[in-house]
Amino acid sequence: RSLKEMIEEERRAKKKRTAFFFIFVLAMFVIAALSGFIYFSQFKPYGNDDVVVEIDAPEKIIIGETFEYVIEYENKGNVALTNSKLSVVYPHGFMVEKTEPETGNHSWELGELDLYERGEVVIKGKIIDTVDVEQKLSVTLSFYPENFNSEFSHEQNYSVLVEQPHFEILDSHLANVGVGQNLN
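Residues numbered from 1 in each chain as written. Predicted model: local features only at pLDDT ≥ 70, side-chain atom pairs only at ≥ 80, totals over all residues. Heavy atoms only, no water.

**Brief notes about the nonpolar core**
The nonpolar side chains of a soluble globular protein tend to be buried, and buried together.
Okay, so step 1: Counting residues in each nonpolar core, the largest one holds 26 residues, and the members touching the most others are Tyr 69, Ile 71 and Ile 123.
Okay, so step 2: Contributions of two or more residues to this core are made by strand S1 (51-56), strand S3 (67-75), strand S4 (81-89), strand S6 (107-113), strand S7 (118-127), strand S8 (134-145) and strand S9 (152-163).
Okay, so step 3: When neighbours within four sequence positions are excluded, Tyr 69 is seen to be in contact with Ile 55, Asp 56, Ala 57, Pro 91, Phe 94, Val 121, Val 122, Ile 123, Ile 127, Leu 137, Tyr 158 and Val 160. (Core = buried A, V, L, I, M, F, W, Y, C linked by side-chain atoms within 4.5 Å. Buried < 20%, exposed > 50% of the residue type's maximum accessible area, 1.4 Å probe, protein only. Helix = DSSP H or I, 4+ residues; strand = E, 2+ residues; numbered from the N terminus. Contact = heavy atoms within 4.5 Å.)

**Here's the deal with the sheet that holds S6**
Okay, so step 1: Strands sit in the order S2-S9-S8-S4-S6 across an open sheet of five strands; the sheet is mixed. One side of each edge strand has no neighbouring strand; the edge strands of this open sheet are strand S2 (60-62) and S6. Each strand of the sheet is rotated relative to its neighbour by a mean of 25°, with strand direction disregarded.
Okay, so step 2: Relative to S9, S8 runs antiparallel, the two being bridged by ten bridges. Directly across from Lys 136, in S9, lies its bridge partner Ser 159. (Pairing = 2+ DSSP bridges. Axes fitted to C-alpha atoms, helices over the stretch in contact; angles between N-to-C directions.)

**Things to note about the side chain of Asn 75**
Okay, so step 1: Within the secondary structure, Asn 75 is located in strand S3.
Okay, so step 2: Non-local contacts of Asn 75, meaning those with residues more than four positions away in its chain, are made with Asp 50, Ala 80, Leu 81, Leu 113, Asp 114, Leu 115, Tyr 116 and Glu 117.

**With respect to the packing of aromatic side chains**
Okay, so step 1: Following the criterion strictly, the structure yields five aromatic pairs and no others.
Okay, so step 2: Ring geometry for Tyr 90 and Phe 94: centres 5.3 Å apart, planes at 20°, overall stacked. With respect to class, Tyr 90 is no different from Phe 94; both count as buried.
Okay, so step 3: Taken together, the ring pairs in this structure connect Phe 67, Tyr 69, Tyr 90 and Phe 94 into an aromatic cluster. (Phe/Tyr/Trp six-rings, centres within 6.5 Å; stacked < 30°, edge-to-face > 60°.)

**Focus on the sheet that holds S3**
Okay, so step 1: If you walk across this open sheet you meet the four strands as S1-S3-S7-S5, and the pairing is antiparallel. Either end of the sheet is taken by a strand with one partner, and the two such strands are S1 and strand S5 (94-100). Sheet twist, expressed as the average angle between the axes of neighbouring strands with direction ignored, equals 20°.
Okay, so step 2: When S1 meets S3, the two strands line up antiparallel, connected through six bridges. Residue pairing in the sheet places Val 53 in a bridge with Tyr 73 of S3.

Okay, structure coming up:
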């Protein structure tokens with residue numbers, strides 16, 4: 001064999017080793033990507049539809065009449081929620097008479113909401129404000145999903161229409177009344 005043939009044979013062998021090494025590294029990357037996909041797809045992601053906040057109250061109220069807002073919340077997701085907090089912005093002129101559970105301000109620390117856990121907050125009060133005006137209650141539930149390190153929130157609004165009380169004015173009077181006359 002000649003020197004030229006030996007060099008070409010060595011180059012072919014080197015090309016085969018390089019191609020084999022390249023295919024081996026590429027196969028390792030594919031295996032790593034598939035393993036990561038399989039491993040991480042086992043975890044249920046958090047979706048914004050997994051948290052439900054509903055507000056129940058009368059559609060119309062009479063000014064000064066006591067009524068209740070019932071705020072129901074539920075974690076319908078596959079991930080627990082931590083550091084949950086329910087905050088309320090009351091309508092203009094709303095006077096709080098009682099809340100269940102009790103609070104000293106406009107928010108409730110709910111803590112951890114486990115999977116499919118639900119609860120409610122009841123706010124009893126009355127509105128003393130302008131009539132024939134729509135009054136809006138805003139509720140925000142903020143939380144951290146267990147598998148995220150970011151705060152999320154879900155907001156819900158509810159409007160009530162404030163009406164005047166129904167008074168009936170009677171227009172009856174005595175035709176003739178004299179001084180010193182007793183009225184029965």
